[in-house]
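# Overview (structure and organization)
Here is what each chain is made of, one letter per residue.
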Amino acid sequence: MTGATPHPGGEIPFDQAPGLAELAERADRHERLRLVRGGVASALVVMTEDDYDQAVQDTADLQLCRELLSRIEPLDSAQAEAEHAATVAFLDGILSRTSRP
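Residues numbered from 1 in each chain as written. Predicted model: local features only at pLDDT ≥ 70, side-chain atom pairs only at ≥ 80, totals over all residues. Heavy atoms only, no water.

Further remarks concern the confidence of the model for the protein chain. Regions with low pLDDT carry predicted coordinates that are not meant to be interpreted in detail. Scored by pLDDT, the protein chain has a mean of 85; 88% of the residues are at 70 or more. Taking the mean pLDDT of every element in the protein chain, the minimum, 85, falls on strand 1 (residues 11-13) and the maximum, 93, on helix 2 (residues 49-71). (pLDDT = per-residue confidence, 0-100. Helix = DSSP H or I, 4+ residues; strand = E, 2+ residues; numbered from the N terminus.)

Okay, structure coming up:
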């Protein structure tokens, strides 16, 4: 291992990138590594296959959440308070029937 100098945020200038063995070892430790090439070139991201699969799954989950949230109609505050009061009354009713003196 070459022991490349740590860079903030896992960003490493491309011309200072360590060898493949060190990159693999650091990725296995789940370090976030971005090899910054400069100019308009995109950074190269180094990660394990498991980390990549998790990132893809997280992205799909986030998209699903956004889709579900977009379908929910917002409640006005009076409606929200009324639904909250009804829920509390319902739960109090259950509690009163199941409580033992």
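Turning next to the layout of surface pockets. Roughly 230 Å³ of internal volume is contained in the largest pocket. The wall of the largest pocket is formed by 13 residues, among which Glu-31, Arg-32, Val-45, Met-47 and Asp-51 lie closest to the centre. Secondary structure elements with two or more residues in the lining of the largest pocket: strand 2 (33-36), strand 3 (44-46) and helix 2. Sorting elements by how many residues they give to the lining of the largest pocket places helix 2 first, with four residues. Partitioned by chemical class, the residues of the lining of the largest pocket number five nonpolar, three polar and five charged. (1 Å grid on protein atoms, 1.4 Å probe; cavity = no way out; pocket = protein on both sides within 12 Å on 5 of 7 lines; lining within 4 Å. Points joined across faces, edges and corners; volume = space filled by probe spheres on them. Nonpolar A, V, L, I, M, F, W, Y, C, P; charged D, E, K, R; others polar.)

Now for unusual backbone geometry. Backbone phi values are negative for most residues with the exception of glycine, while trans is the configuration of most peptide bonds. Although it is not a glycine, His-30 adopts a positive phi angle of roughly 65°. For His-30, a relative accessible area of 52% corresponds to the exposed category. (Buried < 20%, exposed > 50% of the residue type's maximum accessible area, 1.4 Å probe, protein only.)

The subject of this paragraph is the sheet that holds strand 2. Taken in spatial order, the three strands line up as 1-2-3 in an open sheet, and their pairing is mixed. Looking at the sheet topology across the chains shown, the edges are occupied by strand 1 and strand 3. Within this sheet the neighbouring strands show an average axis-to-axis angle of 25°, counted without direction. Pairing of strand 1 with strand 2 involves three bridges; the strand directions are parallel. Directly across from Glu-11, in strand 2, lies its bridge partner Arg-34. Those strands touched by helix 1 (residues 20-28) are strand 1, strand 2 and strand 3, and its axis lies near 140° from that of strand 2. (Pairing = 2+ DSSP bridges. Axes fitted to C-alpha atoms, helices over the stretch in contact; angles between N-to-C directions. Contact = heavy atoms within 4.5 Å.)

For the rest of this paragraph, the subject is the nonpolar core. Among the nonpolar cores identified, the biggest contains six residues, and these are Ile-12, Leu-23, Ala-27, Leu-33, Leu-35 and Val-46. Mapped onto this core, the elements with two or more residues apiece are helix 1 and strand 2. Each residue touching Val-46, except ones within four places of it in the same chain, is listed here: Leu-23, Ala-27, Glu-31, Leu-33 and Leu-35. (Core = buried A, V, L, I, M, F, W, Y, C linked by side-chain atoms within 4.5 Å.)

Next up on the list: helix 1. Of all the positions in helix 1, only Glu-22, Leu-23, Arg-26 and Ala-27 are classed as buried. Angular distribution of buried residues about the axis of helix 1 spans 135°; they occupy a single face of the element. Summarising the geometry of helix 1, the exposed residues directed more than 90 degrees from the buried face are Leu-20, Ala-21 and Asp-28. Contacts made by the buried residues of helix 1 are with strand 1, strand 2, strand 3 and helix 2. A positive backbone phi angle near 65° is found at His-30, which sits one or two residues after helix 1. (Arc of directions from axis to C-beta.)

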